[in-house]
Every structure is written in C-alpha cells, then in structure tokens.
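This is what each chain is made of:
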Amino acid sequence: MAKIIQLSEAASLAIHAMVLIGKSKGLINVNTISERTGASRNHLAKVMQPLVKDGYVSSTRGPSGGFILKMKPSEITLLDIYQSIEGHISIEGCPLDRPVCPFKKCLMGGVIKKLSLEFKNYLKDQKLSDYL
C-alpha cells in the first residue's frame, strides 16, 4: 500500500539517533545506536556526518569514542535534524517541479502545499527535549 507522506530512512534514523544521543549521559557510540535502531553501522555513520557538520553533535573517534550533543536539546527541533539530512523543505511551486502547468488550476488543489506546510510546522514545534 502506498503512503502519502513518508520519511526517508536517513531522516528517520537521524531523528532516532539524536534522541538516543540526547538520552545518553555521556558519549554513545555508533555500535550502540546501530543496535538500538536496527540500522547498519556504516549507514548510521554516514547519516551522522551532516549532523556533526551542522554543529548539532560532536564525534570522538576511537574505542572509547562516540557522539554527544553540542547544543541543548531544547535548542534543537526535529525540523533542524530533518533539514540537516534532507535539505530545506520547499513549500512553493509545483509538486512535480514543472515550470508551467498544462491545466488552468492544480489538479492537487493545493493539498501538497498544505500537507508540506503542516509537516514542516509540526517538525518545527517539536524539540529534541520533548523526547528525552
């Protein structure tokens, strides 16, 4: 069965990993996050790279290494995490990215724009601290 809205595996993994990192009392390593989320270690490491680059977490290499939040959980929204992985959510324009619509009005009636805006606002209102 098709789903209207679906998070990518990477975005879902990033959000879940950030909650686990936020709940951790100290460094939490890739193996532990991988086991808890059911994701491959390599995929998780790749997903974490933009979150490190964007300054949400810091990583320490080595046997006693891992990830730790660089910001307070109350300062990080699920939108921040999502956009770190997927890029900025576009609300404007054609859902099919067509420059010119062949019809006088959108066949989707603006529902894609409405759902996108509602999804974006939901993520913006959810702070990482809400899940710790």
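The structure we're discussing is the one just above.
Predicted model only: the values in this text are computed from it and were never measured. (Residues numbered from 1 in each chain as written. Predicted model: local features only at pLDDT ≥ 70, side-chain atom pairs only at ≥ 80, totals over all residues. Heavy atoms only, no water.)

(A) Summary view of the overall build of the protein chain. A tally of regular secondary structure across the protein chain gives five helices and two strands. When the elements of the protein chain are put in sequence order from the N terminus, they spell out α-α-α-β-β-α-α. Taking the principal axes of its C-alpha atoms as reference, the protein chain extends roughly 60 × 30 × 25 Å. Across the 132 residues of the protein chain, 30% fall into the buried class. Put simply, 67% of the contacts in the protein chain that link residues at least 6 apart link residues at least 24 apart. Of the charged side chains in the protein chain, 18 are positive and 11 negative; the average position of the first set lies 1 Å away from that of the second. (Helix = DSSP H or I, 4+ residues; strand = E, 2+ residues; numbered from the N terminus. Buried < 20%, exposed > 50% of the residue type's maximum accessible area, 1.4 Å probe, protein only. Contact = heavy atoms within 4.5 Å. Lys, Arg positive; Asp, Glu negative; His and termini not counted. Charge placed at Lys NZ, Arg CZ, Asp CG, Glu CD.)

(B) Main features of helix H2 (residues 30–37). Buried within H2 we find Val30, Ile33 and Ser34. The arc enclosing the buried residues of H2, seen along the axis, measures out at 100°, which places them on a common side. In H2, the exposed positions angled more than 90 degrees off the buried face are occupied by Glu35 and Arg36. Lining the buried residues of H2 we find helix H1 (9–23), helix H3 (41–53) and strand S2 (66–69). For H2, the side-chain oxygen to backbone nitrogen distance between the N-cap and Asn31 is 3.2 Å, and the N-cap itself is Asn29. (Arc of directions from axis to C-beta. Polar contact = N/O pair within 3.5 Å; in protein donor to acceptor, adjacent residues only side chain to side chain.)

(C) The packing of H1 against H3, seen in detail. One can describe the packing of H1 onto H3 by two numbers: an axis separation of 10 Å at closest approach and a directional angle of 80°. When the axes of H1 and H3 are compared, the pair comes out roughly perpendicular. When H1 is examined against H3, the residues Glu9, Ala10, Leu13, Ala14, Ala17, Met18 and Ile21 are found in contact with a partner set consisting of His43, Leu44, Val47, Met48 and Leu51. In the contact of H1 with H3, the residues fall into ten nonpolar, one polar and one charged. (Axes fitted to C-alpha atoms, helices over the stretch in contact; angles between N-to-C directions. Parallel < 35°, antiparallel > 145°, perpendicular 65-115°, else oblique. Nonpolar A, V, L, I, M, F, W, Y, C, P; charged D, E, K, R; others polar.)

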